[in-house]
Amino acid sequence: MDGEKDTQDDSVFMQLREAVTTNPDDPSAHFNLGLFLWDRIGEESKQKAAEHFVIAAKLNPQDAYAFRYLGHYYSKVSMDNQRAIKCYQRALALSPQDSESGESMCDLLDKEGKESLEVAVCREASGKSPRAFWAFRRLGFLQVHYKKWSEAVQSLQQAIRGYPTSADLWEALGLAYQRLGMFTAAIKSYGRAIELEESRVFSLVESGYVFLMLGSHRKGVELFQQALQISPENLAAHYGLGCALLELSKECISSGAFRWGASILEEASKVAKAGTYLGKNVSCMWKLHGDIQLTYAKCFPWMDENPALETDKKVLSASIISWKNICFSAALSARHSYQQSLHLAPWQANIYTDIAITIDVINSFKEAEKRDLIQGELPEKMIIGGLLLESCNNEFWVALGCLSHHVELKQHTFIRSLQLDVSLAVAWAYLGKLYRKQGEKSLAQQAFDRARSIDPSLALPWAGMSADMSIRALKPDEAYDCCLRAVQILPLPEFQMGLAKLALLSGQLSSSEVFGPIRQALHHAPQYPEAHNLLGLVCEARGDYLSAITSFRLARCAVNISSGDTEKLLDISINLARTFCKAGKAYEAVQECEELKEKGVLDWEGLHIYALSSWKLGKNDQALSVVRILAARVKSLEQNLASTSISFICRLLYYISGRESVITSILKMPKNLFESSKVSFVVSAIHILDQSNQLEAVVSSSRSSILSHDEITGMHFLITLSKLVKNSLKDCLGIQNGIDHLKKTLHKYPNNYMLRNFLGYLLISSNEWKDTHLSTRCFTVRCTAAECPHEEGLKRAPEILGASAVACYTTGSLNHKYSFPTCKDQSTHQHGSLKLLQKWYHQEPWNKNARYLLILNYMQKAREERYPLHICTGLERITGLALSDESHHYRKFQLSICASEINLQSGNLVGCINHAKNASEISVPEGYLFFAHLLLCRAYAAEDNRSRLLEEYTRCLNMKVDYHIGLICLKYMECWYGLEDANGNIIELKFEECSNDIKYSWNVWMAILKLVQGLIAVWNRDFVGAEDLFAQACSLNGYESCLFLCHGAISMELARQQCNSDYLLLATGSLKKARDTCGAPLPILQLLLAQAEASLGYKGQWERYLQLEWLTWPPEMRPSEIFLQMHLLLGPLDDGMHSASRAKRYQKNPLRWILQAIHLNPSCSRYWKALQNL
């Protein structure tokens, strides 16, 4: 093989030499021969090649390639760099894109240290040709080296166009972007470099740091971990990963996930420790390890997972000591790391401050008796060491003031820091704290105000403002808001416990804004009994009594461990007994109270709990004896406590001895004891249940103590209840009396939320016709939970609105696409019940009542829109979900009825029957079960199952029902399916029985009965009887437009059949009354009136009413008959002139109108006859 190759080379060589011999003046021949010789091995061949390159260059001075190889010869063979540079320079002058010449020349210049010439060459080449990508690349690298970042970006961007797959270029471009602060662009450039070469450690590390600066700590962790997989000993990657994990842990800590944050810090500590082994002399790595350990010492949470903690103080003490030891050892490790960092970099002043803070943390975990005075002064000395290096650092002066134990030094350092920077908010804040401790309230207030005005994001001024609530005359709610702001900014245990105390004063203990912070405070201050006690109060307010009991027991153990303070133990024991009582553990509550009684420390609140718990256990005699003790102490109590005790005594006597006994006791009490609003409410409540009115005088005199707006409206609430109870007849509450009283009261207090809700609830409960419509007007929108309070036993506004929206039997749609409103009592504006109920259910997805009302309102919407498929599908899904976990019998019955109706409208008769049968088996009153059997009647009728239909119909007749609408539906069923022959007038008799209990609107229901009977007569072709029944309906209810419309329509039909003008006059009168009484224009009404007037010869009235009818209908819903009438209107009447003017006015000729009528109803022969007559 080698012999053959040599033979071929010789042949080529002979051909090239022959070409040179033949054409000695051909530069290409000399260049090709020189190129062939250049590729041969040996210095002699290269010398001969150089000779030919020289000849080629002389023959063709524009040949850049000849100069390039001459440059290679001088640089690599003859070692004449100057000649080589000149040759390369000549080659670049001829071809700036020649990357080989350019790179070689720049390499020579770089070896000689002529970097400025190297830059000049690259600039010159890049200036001559935009495609000299090698020059842009080289120039970009040089500019990165000289830190000319903006220029480097431009050069590197141009270079990437020529070398798009060069990872080095993308990496350099990312670095330039990073130094310019263009972090998003830097991330993209680094990411492109990593895509091209996954092993790019520098890109991984630097992009990780960029993500850290942008706050994307998780992404930074991933990149640093990826870099360490490639290069496990990369110190920068270790440092970056440690920083990323530290910042990620701070995110967790700020969100309250302390255990998760601590676990991340443990991992970060391992990474930083490995970094210290790799770089033992790297100060920043030791400092990072110290930062991680110090953060771990501050955030590691104490957990109360051992059930023995609440009963055994030794277990609790051991748990707290173990937690302290973990934090203490972490702080010691942090101090060692900081000391090592300081040893390596003693000029770093901030490390002195870190060591000082760490020593202070270490001292905080030591017991007070074990603290060394010298150790206590070490933080001050370390801070002073930092100040010796940076005496003008105001932060060091503030730190010295915080860590110093000398008041004078504290004040001096804070003032000194303010001399350096008068707008330093933190110095003003700590100065205010110092003044407050010294009792200088005015100076403290001024300092806090200045700090807050300079930096509102500082926590201490807000906390100081809440602590000075008495000096600043703040309300408890205002002080609570200030402390909440401080806790949100800086969640210190002291601030969090203060927030809970202020929440107790402002009545906001149940708020989640308090529960979260007090739990966090317990994680970092388990040694404080106050933290456990406050957590118990918060859990008690939230109704979590078992957790409250646990917290109170832990608080008692914590007191026994620390100081054994008797007053604290008494308060905690009272709290524990009260929570036992609320949790239904009356026996444990009695035991706690008896222990306090044996110690002689059972106060008035304890007596309340003792008596109540004894009554719950059935020990009435013991409860009465405790009540006597409490009554004997009433006179010695303060006015507020005395009124609370009197109220409690009255209520407990009522439960134990009954109404007459408590009334007798109240009448024997001194009158001055009733001069309290609390007592007045209790006495008024007892008076409601007394039909003999024995407490009338006591109630009247006690109401003089009711002064505030809330108390007055609350008393009106009780008066309304009194009206309901005292005016009840035949086991029915006097609802109308209560409604009348609330209406009068709301004239004085129109914006009272509770009274408006109560009125709406009573209106829904009323049997009167118009009341259900009025109930929606009582509703007022409240945006937040605080503005829409929910008190036990009272209905909320969304419940009342949701119920009233479906309480009306008429279709409530205001969209003319589906129906026309016929009920003038209905609210004329959309009350938005659906949206409100959706919002309510979204906020409280566990609330079954919200879900139930939402389903009912969607059923109403489906009925209004004629049961469209999409609504039925959604209703079927949510109703099935509701039925699966509903336990309330009435709601389950209604949901089953809804599910059955949905299936009936969707054509699923089997599902309809199954749901209706399930509803009929639920334990609800017989009046409700009637509707389940009525649905079965409809389902069997749809199945054409006559025997089952008759069976269910008979069952409905035999049931007691108090709802008119059910009887009306049954009457329709009777007529449609021919069931009335065998049963006479049973339905009519039941209907009249239902109406006997209605005081004001019985005539309305009787009119509806006559209307139904009239419609049945129309179906039976008995028009004369129908006219009589409609006339009776109109006489019973002269305010319902639909009744007059029906009477007018049937009168016109009788006039047509009998050719009697008397019926036309009756029709005209009824139709005009219908027009005058309807709230909105009714369709067909004006058309019938026009026809009646035309039949009587009033053609002008005919035209006017037709115009009104035309405007009544939406364009897409106009019926065919109205087009026929318009055709007749434009036809020849008196003369052609009138017809022409009408055609011009309506912009259509008669032919167009009749064609439109035929298009809408092609089956009507009248329209075709009218077309033929044209």
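Located above this text is the structure these notes cover.
Basis of the calculations
Residues numbered from 1 in each chain as written. Predicted model: local features only at pLDDT ≥ 70, side-chain atom pairs only at ≥ 80, totals over all residues. Heavy atoms only, no water. Phe/Tyr/Trp six-rings, centres within 6.5 Å; stacked < 30°, edge-to-face > 60°. Helix = DSSP H or I, 4+ residues; strand = E, 2+ residues; numbered from the N terminus. Buried < 20%, exposed > 50% of the residue type's maximum accessible area, 1.4 Å probe, protein only. Contact = heavy atoms within 4.5 Å. Expected span 1.5 Å × (residues − 1). Polar contact = N/O pair within 3.5 Å; in protein donor to acceptor, adjacent residues only side chain to side chain. Core = buried A, V, L, I, M, F, W, Y, C linked by side-chain atoms within 4.5 Å. Patch = residues over 30% accessible without salt bridge, like charges linked within 9 Å, V, L, I, M, F, W, Y side chains within 5 Å. Areas by Shrake-Rupley, 256 points an atom, 1.4 Å probe, with all protein chains shown as cover. Salt bridge = Lys/Arg side-chain N within 4 Å of Asp/Glu carboxyl O. Lys, Arg positive; Asp, Glu negative; His and termini not counted. Charge placed at Lys NZ, Arg CZ, Asp CG, Glu CD. Disulfide = S-S within 2.5 Å. Axes fitted to C-alpha atoms, helices over the stretch in contact; angles between N-to-C directions. Left-handed = near helix turned anticlockwise from the far one by under 90°. Nonpolar A, V, L, I, M, F, W, Y, C, P; charged D, E, K, R; others polar. Parallel < 35°, antiparallel > 145°, perpendicular 65-115°, else oblique.

1. Focus on the packing of aromatic side chains
Consideration 1: Per the counting criterion, the structure on display carries 14 aromatic pairs.
Consideration 2: Between Y190 and F202, the ring centres sit 6.5 Å apart and the planes meet at 70 degrees, which makes this aromatic pair edge-to-face. Of this pair, Y190 sits in helix α11 (residues 183-196) while F202 sits in helix α12 (residues 201-214), placing them 12 residues apart in sequence.
Consideration 3: A relative accessible area of 36% means that F202 is categorised as partly exposed.
Consideration 4: Measuring from centroid to centroid gives 4.4 Å for F717 and F758, while their planes differ by 35 degrees, and the two rings are tilted.

2. Side note on the side chain of H217
Consideration 1: The topology assignment puts H217 in helix α13 (residues 217-230).
Consideration 2: Its relative accessible area of 10% is what places H217 among the buried residues.
Consideration 3: Not counting chain neighbours up to four residues away, the residues in contact with H217 comprise F211, L212, A244, E247, L248 and E251.

3. With respect to helix α6 (residues 99-111)
Consideration 1: In a regular helix each residue adds 1.5 Å, so 13 residues correspond to 18 Å; α6 covers 18 Å between its end C-alpha atoms and thus fits that length.
Consideration 2: Within the span of α6, buried status applies to S101, G102, E103, S104, M105, C106, L108 and L109.
Consideration 3: Where α6 starts, the residue carrying a side-chain oxygen 3.3 Å from the main-chain nitrogen of E100 turns out to be D98.
Consideration 4: Following α6 by one or two positions, G113 adopts a phi angle in the positive range, close to 75 degrees.

4. Here's the deal with the nonpolar core
Consideration 1: Counting residues in hydrophobic clusters, the biggest one holds 178 residues, and the most contacted among them are I518, C650, I666, V683, I686 and L695.
Consideration 2: Setting aside residues no more than four positions away along its own chain, I518 makes contact with Q496, M497, A500, A531, L534, L535 and V538.

5. Remarks on a negative patch on the surface
Consideration 1: A contiguous patch of negative charge on the surface is contributed by D477, E478, D481 and E513.
Consideration 2: Of all the elements, helix α26 (residues 476-489) adds the most residues to the negative patch, at 3 residues.
Consideration 3: Within the fold, D481 resides in helix α26.
Consideration 4: With a relative accessible area of 46%, D481 lands in the partly exposed category.

6. With respect to the state of the cysteines
Consideration 1: Overall, the coordinates contain 0 disulfides when judged by the stated rule.
Consideration 2: No disulfide involves C539; its sulfur sits 16 Å from that of C557, the nearest cysteine.
Consideration 3: The exposure class assigned to C539 is buried, which follows from its relative accessible area of 3%.

7. Quick look at the packing of helix α35 (residues 639-657) against helix α36 (residues 659-668)
Consideration 1: At a minimum axis separation of 7 Å, α35 and α36 run at an interaxial angle of 145 degrees. Of the two possible hands of crossing, α35 and α36 adopt the one that is right-handed. Touching C650, L653, Y654 and S657 of α35 are R659, S661, V662, S665 and I666, all from α36.
Consideration 2: Considered class by class, the residues forming the contact of α35 with α36 number 5 nonpolar, 3 polar and 1 charged.

8. Section: α26
Consideration 1: Its 14 residues place the ends of α26 20 Å apart at the C-alpha level, agreeing with the 20 Å of an ideal helix rising 1.5 Å per residue.
Consideration 2: Looking at α26, one finds that the buried residues are A479, Y480, C482, C483, L484, A486 and V487.
Consideration 3: Its buried side turned inward, α26 meets α24 (459-467), α25 (469-472), α27 (493-506) and α28 (512-524).

9. Here's the deal with the side chain of S676
Consideration 1: Here S676 is to be found in the loop between α36 and α37 (677-688).
Consideration 2: For S676, a relative accessible area of 8% corresponds to the buried category.
Consideration 3: A polar side-chain atom of S676 sits 3.4 Å from the main-chain amide nitrogen of K678.
Consideration 4: Non-local contacts of S676, meaning those with residues more than four positions away in its chain, are made with Q639, S643 and S705.

10. Topic: the packing of helix α51 (residues 964-976) against helix α53 (residues 1002-1019)
Consideration 1: Where α51 contacts α53, the axes come no closer than 11 Å and their chain directions differ by 10 degrees. Here α51 is positioned roughly parallel relative to α53, judged by the angle of their axes. On the side of α51, the interface is formed by H964, I965, I968, K971, Y972, C975 and W976, while α53 contributes W1005, I1008, V1012, L1015, I1016 and W1019.

11. Observations regarding the environment of H889
Consideration 1: Looking at the secondary structure, you find H889 in helix α47 (residues 889-906).
Consideration 2: Note on H889: relative accessible area 43%, which makes it partly exposed.
Consideration 3: Taking the C-alpha atoms as reference points, H889 and Y65, 824 residues apart in sequence, are found 99 Å from one another.
Consideration 4: Residues within four places of H889 in sequence aside, it is in contact with I922, S923 and V924.

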